[in-house]
Amino acid sequence: MNSMLMCPCGLSQPYSQCCEPLHTQHLMADSAEQLMRSRYAAFVMGEIDYIVQTTVPAQQHLLDVKAITAWSQQNQWLGLTIVSSQPNLKPHHAKVEFIARFRDQQGEQQHHELSSFVQAGSRWYFLDPTVEPMPTLKSVCLCGSGQKFKRCCAPFLGLTS
Ligand SMILES: [Zn+2]
Ligand SMILES: [Zn+2]
């Protein structure tokens, strides 16, 4: 791979000094925003293992890896814009709003999302709101905090009113 290749995540740095060390597990994302950027770059680079590994551990075995792989390949990825970042939501949560632009068979598309992230141990993970089944509200949270789901990650996934 060309070491001067620009990283697709939008930071205007060579891939080898930006998201590649994260994709190869030499470094860990130190913020939810960095994790978000590196996950977008992983879609572009076809690093699907990284998409799985950076989803909260309790959801990893529930991910449809084939569908994720297909989606990453079907689209031509055009760029990522971080709209806003809320890095310090309690407890150990963050939200990142972003727009990912891509081209599919219908033309140019924008995927606009407000994503939730949780810090477990020293690592940040993506909370996937689309993965089924979710824990019940009274069961232990999927992030491993030991708290009940409803007092921990559920509100960030919009699952409590
Ligand atoms: Zn990058
Ligand atoms: Zn949690």
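You'll find the structure just up there.
All figures in this text were calculated on a predicted structure; none of them were measured in a lab.

**So, the overall build of the protein chain**
Item 1. In terms of regular secondary structure, the protein chain is built from five helices and four strands.
Item 2. In the protein chain, the succession of α and β elements from N to C terminus is α-α-α-α-α-β-β-β-β.
Item 3. The C-alpha radius of gyration computed for the protein chain amounts to 16 Å, which stays within 12% of the reference 15 Å derived for 161 residues, consistent with globular compactness.
Item 4. The principal-axis extents of the C-alpha atoms in the protein chain amount to approximately 50 × 35 × 30 Å.
Item 5. Each of the 161 residues in the protein chain was classed as buried or not, and the buried ones make up 42%.
Item 6. For the protein chain, long-range pairs separated by at least 24 residues make up 43% of all intrachain contacts whose partners lie at least 6 apart in sequence.
Item 7. In the structure as shown, the protein chain presents an accessible area of about 9,000 Å², 50% of it carried by carbon and sulfur atoms.
Item 8. Side-chain charges of the protein chain comprise 12 positive and 12 negative groups, with the mean position of each set lying 12 Å from the other.

**So, the environment of Gly 46**
Item 1. Secondary-structure assignment places Gly 46 in the loop between α2 (32-45) and α3 (48-53).
Item 2. For the pair Gly 46 and Gln 73, spaced 27 residues apart in sequence, the C-alpha to C-alpha distance is 7.4 Å.

**Here's the deal with the environment of Thr 24**
Item 1. For Thr 24, the location among the structural elements is in the loop between α1 (20-23) and α2.
Item 2. A sequence separation of 25 residues divides Thr 24 from Asp 49, and the C-alpha atoms of the two residues are 9.8 Å apart.
Item 3. A distance of 3.4 Å separates a polar atom in the side chain of Thr 24 from the backbone oxygen of Pro 21.

**Regarding the coordination of the zinc ion (ligand 1)**
Item 1. Looking at the metal site, the zinc ion (ligand 1) is ligated by Cys 7 (SG), Cys 9 (SG), Cys 18 (SG) and Cys 19 (SG), spaced 2.2 to 2.4 Å from it.
Item 2. Around the zinc ion (ligand 1), the four donor atoms sit at angles spanning 101 to 118°, and that spread fits a shape best called tetrahedral.
Item 3. For the zinc ion (ligand 1), the single-chain donor residues occur in sequence as C-x1-C-x8-C-C.
Item 4. A relative accessible area of 6% means that Cys 7 is categorised as buried.

**Re the packing of aromatic side chains**
Item 1. Per the counting criterion, the structure on display carries seven aromatic pairs.
Item 2. Centroid distance Phe 43 to Trp 71: 5.7 Å. Interplanar angle 85°. Geometry classified as edge-to-face. A residue pair is termed long-range when its members are at least 10 positions apart, and Phe 43 in helix α2 and Trp 71 in helix α5 (residues 65-74) qualify at 28 residues.
Item 3. For Phe 43, a relative accessible area of 15% gives the class buried.
Item 4. For Trp 71, a relative accessible area of 32% puts it in the partly exposed group.
Item 5. Put simply, the rings of Tyr 40, Phe 43, Trp 71, Trp 77 and Phe 102 touch in pairs and so form one group of aromatic residues.

**Quick look at the coordination of the zinc ion (ligand 2)**
Item 1. Distances from the zinc ion (ligand 2) to its protein donors, namely Cys 141 (SG), Cys 143 (SG), Cys 152 (SG) and Cys 153 (SG), fall within the range 2.2 to 2.4 Å.
Item 2. Because the angles between the four donor atoms bound to the zinc ion (ligand 2) fall within 101 to 117°, the donor set is best described as tetrahedral.
Item 3. In primary-sequence terms, the residues that donate to the zinc ion (ligand 2) follow C-x1-C-x8-C-C. Residue Cys 141 is found in the segment after β4 (123-127), and its partner Cys 153 is found in the segment after β4; the two are separated by 12 residues along the sequence.

**So, the sheet that holds strand β3 (residues 107-120)**
Item 1. Spatially, four strands are ordered β1-β2-β3-β4 in an open sheet, and the strand pairing comes out antiparallel. Where the open sheet ends on each side, the last strands, each with one partner, are β1 (76-89) and β4. Adjacent strand axes in the sheet meet at a mean angle of 30°, parallel and antiparallel pairs treated alike.
Item 2. Pairing between β1 and strand β2 (residues 93-104): 10 bridges, direction antiparallel. The residue of β2 that forms the bridge with Leu 89 is His 93.
Item 3. With respect to the sheet, α2 is in contact with β1, β2, β3 and β4, its orientation differing from that of β1 by roughly 160°.

About the criteria used
All residue numbers refer to positions counted from 1 along the written sequence of the respective chain. Just so you know, chain letters begin at A and ligand numbers begin at 1, following the order they were written in. Local features in a predicted model are, by the rule used here, given only for residues with pLDDT of at least 70; side-chain atom pairs are given and counted only at 80 or more, and totals for whole chains, interfaces and linings are based on all residues. Values reported for side chains reflect all heavy atoms of the structure, with hydrogen atoms and water molecules removed beforehand. The helix count covers DSSP runs of H or I at least four residues long, the strand count covers runs of E at least two residues long, and both are numbered beginning at the N terminus. We compute the radius of gyration over the C-alpha atoms and compare it with the globule rule, which gives 2.2 Å times the number of residues raised to the power 0.38. Relative accessibility thresholds used throughout: buried, under 20% of the residue-type maximum; exposed, over 50%; partly exposed, between the two (1.4 Å probe, protein chains only). We call two residues in contact whenever any of their non-hydrogen atoms come within 4.5 Å of each other. Where accessible areas are quoted, they stem from the Shrake-Rupley method and a 1.4 Å probe; at the residue level, only the protein chains shown are allowed to cover. His residues and chain termini do not enter the charge count, which takes Lys and Arg as positive and Asp and Glu as negative. For charged residues, the charge sits on one atom: NZ in Lys, CZ in Arg, CG in Asp, CD in Glu. For the purposes of these results, a polar contact is taken to be a pair of N or O atoms within 3.5 Å, where, inside protein, one atom must be able to donate a hydrogen and its partner to accept one; residues adjacent in sequence count only when each atom of the pair is a side-chain atom. A donor here means any N, O or S atom no more than 2.8 Å from the metal (3.2 Å for Na, K and Ca); water is not included, so a site may seem to lack partners. Site shape is set this way: if four donors have all angles between 85 and 135 degrees, tetrahedral; if opposite donors are over 155 degrees apart and all others between 65 and 115, square planar for four donors and octahedral for six; otherwise irregular. In this analysis, rings of Phe, Tyr and Trp, with Trp reduced to its six-membered ring, are considered paired at centre separations within 6.5 Å, and the interplanar angle assigns stacked below 30 degrees, edge-to-face beyond 60, and tilted for intermediate values. Strand pairing is assigned whenever DSSP detects at least two bridges linking the two strands. Axis lines are fitted to C-alpha atoms, over the contacting stretch for helices. Their N-to-C directions set the angle, which ranges from 0 to 180 degrees.

So yeah, pure geometry; function would need other evidence.
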